[in-house]
Amino acid sequence: YHLEKYAEYILPFNQRDTIIIKGYHHWVGRALSIVNALEFLVDSIKEYQVYVYSAHQVVIDRIEELKAKHNLSIEYSSRQSEISQEELLQKFGRSKIAIASSISDGIPNTLLESMICGAFPIQTNPGGVTEDYITDGENGFLIKNAENTDEILKLITYALANEQLMKDAFKINQKKVKKLNYKEIQEQVLAIYNNIEKEL
């Protein structure tokens, strides 16, 4: 990642007012587990803008149901009408929390981009790969069961009640993502190739 390009999107922690959710719900995505948890967080999230990106129709239907029932402020983009990359990064940069739930995944680009932009990640850990970037309870939370709304509810509730944890994670993640810097990785890869060339 060209980290210098992301700097303009990163708002200070005290200016963040959004909870952002990945809206995939298909053979691997489990966004409904997250959206269903919002029904039990009505009072806690009223001061936040909730945004669900790339939502499948079943997720949109549930969002509309919650908006009508609880007068929640939830906006979304659908899989058919996705926002631009720049718009998504802007939303990551103003989010306190970024949440995604899946039963199978590698390291999602959206996880890394949300961390680069300073959001506190709450993310599933299929195959154990997410733990390469998130130390559970330190710089984010790892969801153990992608389909367990109660577990996700507890993690969101704990994060919202512990702003210091999120502030500390913000600082940790800003240091941690430096290893994703394109220029640094490029130099490392070129050094490896140069060493191989010398050995031939």
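Conventions and cut-offs
What you see as residue numbers is a count from 1 along each chain, following the sequence as written. For this predicted model, a pLDDT threshold of at least 70 governs which residues receive local features, and a threshold of 80 or more governs which side-chain atom pairs are given and counted, while totals over whole chains, interfaces and linings are taken from all residues. Neither water nor hydrogens contribute to the side-chain values; these are computed over all heavy atoms in the structure. Whether two strands pair depends on DSSP finding at least two bridges between them. Strands here mean DSSP runs of E at least two residues long; helices mean DSSP runs of H or I at least four residues long; both are numbered from the N terminus. Whenever a helix is involved, its axis is fitted only over the stretch in contact; in every case the axis is a line through C-alpha atoms, and angles between N-to-C directions fall within 0 to 180 degrees. The contact criterion used throughout is that any non-hydrogen atoms of two residues lie within 4.5 Å. In the cavity and pocket records, a cavity denotes points on a 1 Å grid over the protein atoms alone where a 1.4 Å probe fits but cannot get out, a pocket denotes an open set with protein on both sides within 12 Å along at least 5 of 7 lines, and lining residues are residues with an atom within 4 Å of a point. Grid points are joined across faces, edges and corners, and a volume is the space filled by probe spheres set on the points. Residues are grouped as follows: nonpolar covers Ala, Val, Leu, Ile, Met, Phe, Trp, Tyr, Cys and Pro; charged covers Asp, Glu, Lys and Arg; every other residue, Gly included, is treated as polar. Partly exposed describes any residue whose relative accessible area lies between the buried limit of under 20% and the exposed limit of over 50%, with all areas from a 1.4 Å probe on protein chains only and scaled to the type maximum. For this quantity, the arc is that covered by the directions from the helix axis to the C-beta atoms. To define a nonpolar core, start from buried Ala, Val, Leu, Ile, Met, Phe, Trp, Tyr and Cys residues and group those joined through side-chain atoms within 4.5 Å. Residues enter patches when they are more than 30% accessible in relative terms and free of salt bridges; like-charged ones are connected within 9 Å and nonpolar ones (Val, Leu, Ile, Met, Phe, Trp, Tyr) within 5 Å. Only the protein chains shown count as cover for residues, and the accessible areas themselves come from Shrake-Rupley with a 1.4 Å probe. The rule for a salt bridge is simple: a side-chain nitrogen of Lys or Arg has to be within 4 Å of a carboxyl oxygen of Asp or Glu. Residues counted as positive are Lys and Arg, residues counted as negative are Asp and Glu, and His and the chain ends are not counted. Note that the charge is assigned to NZ on lysines, CZ on arginines, CG on aspartates and CD on glutamates.

Caption draft 1: Molecular detail of the sheet that holds strand β1 (residues 18–22). Pairing in this open sheet of 6 strands is parallel, and the strands run β3-β2-β1-β4-β5-β6 from one edge to the other. A single partner strand is all that each edge strand has here, and the edge strands are β3 (74–78) and β6 (141–143). With direction set aside, neighbouring strand axes in the sheet form an average angle of 15°. The pairing of strand β5 (residues 120–124) with β6 spans 3 bridges and is parallel. Paired with I122 across the strands is F141, a residue of β6. Here helix α7 (residues 163–176) sits on the sheet and contacts β4 (95–100), β5 and β6; the angle it forms with β5, its principal contact strand, is near 90°.

Caption draft 2: Region of the structure containing empty space enclosed by the protein. Tallied over the entire structure, the rule returns 1 cavity of 30 Å³ or more. Estimated volume of the largest cavity: approximately 60 Å³. Lining the largest cavity, in full, are I20, I21, K22, Y53, F92, A98, I99, A100, T110, L111, S114 and Q123. Among the secondary structure elements, those contributing two or more residues to the lining of the largest cavity are β1, β4 and α5 (109–116). For the lining of the largest cavity, the residue count by class is 8 nonpolar, 3 polar and 1 charged.

Caption draft 3: Region of the structure containing helix α4 (residues 85–93). Residues L88, L89, F92 and G93 constitute the buried set of α4. Here the buried residues of α4 occupy an arc of 140° about the axis, which is enough to place them on one side. In the core, the buried residues of α4 are packed alongside α1 (3–6), β1, β2 (49–55), β4 and α5.

Caption draft 4: The nonpolar core, seen in detail. Judged by nonpolar contacts, the single largest core of 37 residues is most densely connected at I19, I97, I99, F120 and I122. Ignoring anything within four residues of it in the chain, the contact list for I97 reads T18, I19, I20, A119, F120, I122, A159, L160 and M166. Among the nonpolar cores identified, the runner-up in size contains 21 residues, and Y9, F92, L111 and Y133 belong to it.

Caption draft 5: Up close: α5. With respect to burial, α5 is a largely interior element, 7 of its 8 residues being buried. Among all positions of α5, only T110, L111, L112, E113, S114, M115 and I116 are buried. Within two residues after α5, G118 carries a phi angle of roughly 95°, on the positive side.

Caption draft 6: Geometry of a positive patch on the surface. Where like charges cluster on the molecular surface, the positive patch consists of K167, K171, K175 and K178. Given the relative accessible area of 63%, K175 is considered exposed.

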